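Each chain, written out:
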Amino acid sequence: QQQVRQSSQSLTVWEGETAILNCSYENSAFDYFPWYQQFPGEGPALLIAIRSVSDKKEDGRFTIFFNKREKNLSLHIKDSQPGDSATYFCAASASSGSWQLIFGSGTQLTVMP
Amino acid sequence: EAAVTQSPRNKVAVTGGKVTLSCNQTNNHNNMYWYRQDTGHGLRLIHYSYGAGSTEKGDIPDGYKASRPSQENFSLILELATPSQTSVYFCASGDEGGENTEVFFGKGTRLTVV
């Protein structure tokens, strides 16, 4: 049973479009939600994160929208670029627990030029 | 710059053999983690550690042992490797707390068990 679920295994958008990657979770105790970006041959790296007290977090072209009631969140990548092509992992942790990050299965994003 | 270094980067092992994957971090983080990455499963936690001398079981510990002899080093040990353990393994380090709690990953070790 996956605690963090990413609905799409892959997503393809055109350059300049907004890519939307979705994520849902089951554990109400989760209160920290980072998104990690991974390029081929590399380890994942933190892209942007949100805490459950907020419903939106923006960093440049990247925005997280968070819905605590529905237990879901999404990563929006505005003005997508070919260099954004990577695998994106949604993750979650609970500050009240052992704080381990639980990862979703990832969404492979391809941005076509 | 946070640094997590894994060795080897690639390894071919025989079924039944012993495999040791090594990880070194220069971040002075208390917490270290071993994950494996498989298509369709994302990153799954095998073992983790809160500091030198401690190891804890993650979500999929069966068939794996871990060792944390120092703050900097964390090893993953496969005593009797099996083909099902063919995967890419990532080591990571991090500390909880703060606005930007972050876990730093190494570049991974690709293990093939034949």
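Here, the structure is the one placed above.
Residues numbered from 1 in each chain as written. Chains lettered and ligands numbered in written order. Predicted model: local features only at pLDDT ≥ 70, side-chain atom pairs only at ≥ 80, totals over all residues. Heavy atoms only, no water.

Asker: Please give an account of empty space enclosed by the protein that cites residues and values.
Answerer: Vacant regions in the atomic arrangement are exposed by a probe of water-molecule size rolled over the atoms. All names here are of chain A. Across all of its chains, the model carries one cavity of 30 Å³ or more by this definition. Considered as a void within the structure, the largest cavity measures approximately 40 Å³ in volume. Around the largest cavity, the lining residues are Ser7, Ser8, Leu11, Ile20, Leu21, Asn22 and Thr107. Considering each element in turn, the lining of the largest cavity owes the most residues, three residues, to strand S3 (residues 19-25). Grouping the amino acids of the lining of the largest cavity by side-chain chemistry returns three nonpolar, four polar and no charged. (1 Å grid on protein atoms, 1.4 Å probe; cavity = no way out; pocket = protein on both sides within 12 Å on 5 of 7 lines; lining within 4 Å. Points joined across faces, edges and corners; volume = space filled by probe spheres on them. Helix = DSSP H or I, 4+ residues; strand = E, 2+ residues; numbered from the N terminus. Nonpolar A, V, L, I, M, F, W, Y, C, P; charged D, E, K, R; others polar.)

Asker: Kindly report on the sheet that holds S3 of chain A, identifying the contributing residues and their values.
Answerer: With antiparallel pairing, the five strands of this open sheet are ordered in space as S1-S3-S8-S7-S6 (chain A). Two strands lie at the open edges of the sheet, namely strand S1 (4-5) and strand S6 (56-59) of chain A, each paired on one side alone. (Pairing = 2+ DSSP bridges.)

Asker: So what about the state of the cysteines? Which residues, and what values?
Answerer: All names here are of chain A. Overall, the coordinates contain two disulfides over all chains when judged by the stated rule. The disulfide partner of Cys23 is Cys90, and the S-S distance across this bridge is 2.0 Å. Here the S-S torsion is close to -75°, and the disulfide linking Cys23 with Cys90 is therefore left-handed. Highlighted residues: Cys23 in strand S3 and Cys90 in strand S9 (residues 86-92), separated in sequence by 67 residues. (Disulfide = S-S within 2.5 Å.)

Asker: Describe the nonpolar core, and please don't skip the residues or the numbers.
Answerer: Residue and element names in this part refer to chain A. In this structure, Phe30, Phe33, Trp35, Leu73, Leu75, Ile77 and Tyr88 are the most contacted members of the largest nonpolar core, which totals 26 residues. For this core, the elements supplying multiple residues, two or more each, are S3, strand S4 (32-38), strand S5 (45-51), strand S7 (62-67), strand S8 (72-77), S9 and strand S11 (107-112). If sequence neighbours within four positions are ignored, Ile77 has contacts with Glu17, Thr18, Ala19, Leu21, Arg61, Phe62, Asp84, Tyr88 and Leu109. (Core = buried A, V, L, I, M, F, W, Y, C linked by side-chain atoms within 4.5 Å. Buried < 20%, exposed > 50% of the residue type's maximum accessible area, 1.4 Å probe, protein only. Contact = heavy atoms within 4.5 Å.)

Asker: Residue-level account of the environment of Phe103 of chain A, with values.
Answerer: Of note, Phe103 of chain A is situated in strand S10 (residues 102-103). For Phe103 of chain A, a relative accessible area of 6% puts it in the buried group. Here Phe103 of chain A is in contact with Val4, Tyr36, Phe89, Cys90 and Ala91 of chain A together with Tyr35, Leu43 and Phe105 of chain B, once residues within four sequence places are set aside.

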